[in-house]
Amino acid sequence: MTKVLVLYYSSYGHIEQMADAVAEGARAGGAEVDIRRVAETAPPQVVEAAGFKTDTAHPEIEGPDALAAYDAIIVGAPTRYGRMPSQMAAFWDTTGGLWMRGALVGKIGGAFTSTASQHGGQETTLFSILTNLLHHGMTIVGLDYGFKGQMGVTEVLGGTPYGASTIADGDGSRQPHAKELDGARYQGKRIAELAAKLK
């Protein structure tokens, strides 16, 4: 059975919800799926003052070597000034040994994100994640236009061909829209199906 990892960092729970939807889609695509989060690296006083969500059903990733066991890795993180946050970047900075061995070459990769605003850097954040995956030799799968939910201009929604996304609003009050979660499921399913074909 194809093994898929959904690896994420979430400050306020939006990306955690998207991770669950991505995993649901990957399971529908026939994969065995694990959801893991990266470690929180912000100081405890910052976490508390900012009201970060610290309760989660998903365990922390065991370490970078765990990535090698998967056929596909789908990475989710919110934006920080148009790029992935330091928590996710710090994890990828520990994967040099995997890169040296070519342990992820030929595996499938994808990304998803969230921003506070419609133009808050979703695509640049996705590229900041995808750049790491490309350097590891992974084959990238985005949110292709087979998912029609990202088309149209009648309402403000996330969704980009580079990966599923959601918009949280500046105070984090907006939760992922049903169409955004559908996009996450679609991307997860596509990645699982393509990983199975490559395997």
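Residues numbered from 1 in each chain as written. Predicted model: local features only at pLDDT ≥ 70, side-chain atom pairs only at ≥ 80, totals over all residues. Heavy atoms only, no water.

The name given to the chain in an unreviewed UniProt entry is NAD(P)H dehydrogenase (quinone), and the organism recorded there is Sphingomonas palmae. According to its UniProt record, the chain has this under Sequence similarities (unreviewed entry): "Belongs to the WrbA family." (UniProt positions renumbered as here; feature names shortened; annotations may be inferred.)

Colleague: So what's going on with the packing of helix α1 (residues 14–28) against helix α6 (residues 178–198)? Which residues, and what values?
Modeller: In contact at an axis separation of 6 Å, α1 and α6 are set at 40° when each is read in the N-to-C sense. When the axis of α1 is compared with that of α6, the two are oblique. As for the relative orientation of α1 and α6, their crossing is right-handed in sense. Along its contact with α1, which presents Gln-17, Met-18, Ala-21, Val-22, Glu-24, Gly-25, Ala-26 and Ala-28, the element α6 presents Glu-180, Leu-181, Ala-184, Arg-185, Gly-188, Lys-189 and Ala-192. Along the lines of polarity and charge, the residues of the contact of α1 with α6 split into 8 nonpolar, 3 polar and 4 charged. (Axes fitted to C-alpha atoms, helices over the stretch in contact; angles between N-to-C directions. Helix = DSSP H or I, 4+ residues; strand = E, 2+ residues; numbered from the N terminus. Parallel < 35°, antiparallel > 145°, perpendicular 65-115°, else oblique. Left-handed = near helix turned anticlockwise from the far one by under 90°. Contact = heavy atoms within 4.5 Å. Nonpolar A, V, L, I, M, F, W, Y, C, P; charged D, E, K, R; others polar.)

Colleague: Tell me about empty space enclosed by the protein, and please be specific about residues and values.
Modeller: This model, assessed by the stated rule, comprises 1 cavity of 30 Å³ or more. What lines the largest cavity is simply Leu-143, Phe-147, Gly-149, Leu-157, Gly-158, Gly-159, Ala-164, Ser-165, Lys-179, Glu-180 and Gly-183. Listing elements by their share of the lining of the largest cavity, those giving two or more residues are β6 (164–167) and α6. With 3 residues, the top contributor of residues to the lining of the largest cavity is α6. Looking at the lining of the largest cavity residue by residue, the class counts come to 4 nonpolar, 5 polar and 2 charged. (1 Å grid on protein atoms, 1.4 Å probe; cavity = no way out; pocket = protein on both sides within 12 Å on 5 of 7 lines; lining within 4 Å. Points joined across faces, edges and corners; volume = space filled by probe spheres on them.)

Colleague: Tell me what's going on with the UniProt feature "binding site: FMN" (unreviewed entry) in the chain, and back it up with residues and numbers.
Modeller: Taking the numbering used here, the UniProt-annotated feature "binding site: FMN" (unreviewed entry) corresponds to Ser-10, Ser-11, Tyr-12, Gly-13, His-14, Ile-15, Thr-79, Arg-80, Tyr-81 and His-135. A maximum C-alpha distance of 29.0 Å is found for the annotated residues, which run over 126 residues; spatially they are spread out rather than grouped. Along the polypeptide, Ser-10 turns up in the loop between β1 (3–8) and α1. Judged by its relative accessible area of 12%, Ser-10 is buried. Look past the residues within four positions of Ser-10 in its chain and what remains in contact with it is Ile-15, Glu-16 and Lys-53. Among the polar contacts made by the side chain of Ser-10, one reaches the main-chain amide nitrogen of Ile-15 at a distance of 3.4 Å. Mapping Thr-79 onto the fold places it in the loop between β3 (72–78) and α3 (86–92). Taking the relative accessible area as the measure of exposure, Thr-79 reaches 13% and is therefore buried. Ignoring sequence-local partners within four residues, the contact set of Thr-79 consists of Thr-113, Ser-114, Thr-115, Gly-120, Gly-121 and Thr-125. (Buried < 20%, exposed > 50% of the residue type's maximum accessible area, 1.4 Å probe, protein only. Polar contact = N/O pair within 3.5 Å; in protein donor to acceptor, adjacent residues only side chain to side chain.)

Colleague: Tell me about the environment of Gly-146, and please be specific about residues and values.
Modeller: Looking at the secondary structure, you find Gly-146 in the loop between β5 (139–140) and β6. For Gly-146, a relative accessible area of 47% gives the class partly exposed. Sequence spacing of Gly-146 and Ile-74 is 72 residues, and the spatial spacing of their C-alpha atoms is 19 Å.

Colleague: Now, about the pairing of β3: what can you tell me, with residues and values included?
Modeller: Along β3, 7 of the 7 residues are buried, which leaves the element largely enclosed by surrounding structure. Burial of the side chains of β3 extends over both faces: Ala-72, Ile-74, Gly-76 and Pro-78 are buried on one face and Ile-73, Val-75 and Ala-77 on the other. Where β1 and β3 come together, 5 bridges link them in parallel fashion. Across the sheet, Val-6 pairs through a bridge with Ile-74, a residue of β3. Direction of pairing for β3 relative to strand β4 (residues 108–115): parallel, over a ladder of 7 bridges. By the bridge assignment for β4, Val-75 is matched with Ala-111. (Pairing = 2+ DSSP bridges.)

Colleague: Account for α6, naming residues and giving values.
Modeller: The α-helix winds at 3.6 residues per turn, so residues separated by three or four positions along the chain end up facing the same way. Between its first and last C-alpha, α6 extends 30 Å over 21 residues, near the 30 Å set by a 1.5 Å rise per residue. Of all the positions in α6, only Glu-180, Leu-181, Gly-183, Ala-184, Gln-187, Gly-188, Ile-191, Ala-192 and Ala-195 are classed as buried. Relative to the axis of α6, the buried residues are bounded by an arc of 165° and lie together on one face. Looking at the packing, one finds that the buried side of α6 touches β1, α1, β3, β4 and β6. (Expected span 1.5 Å × (residues − 1). Arc of directions from axis to C-beta.)

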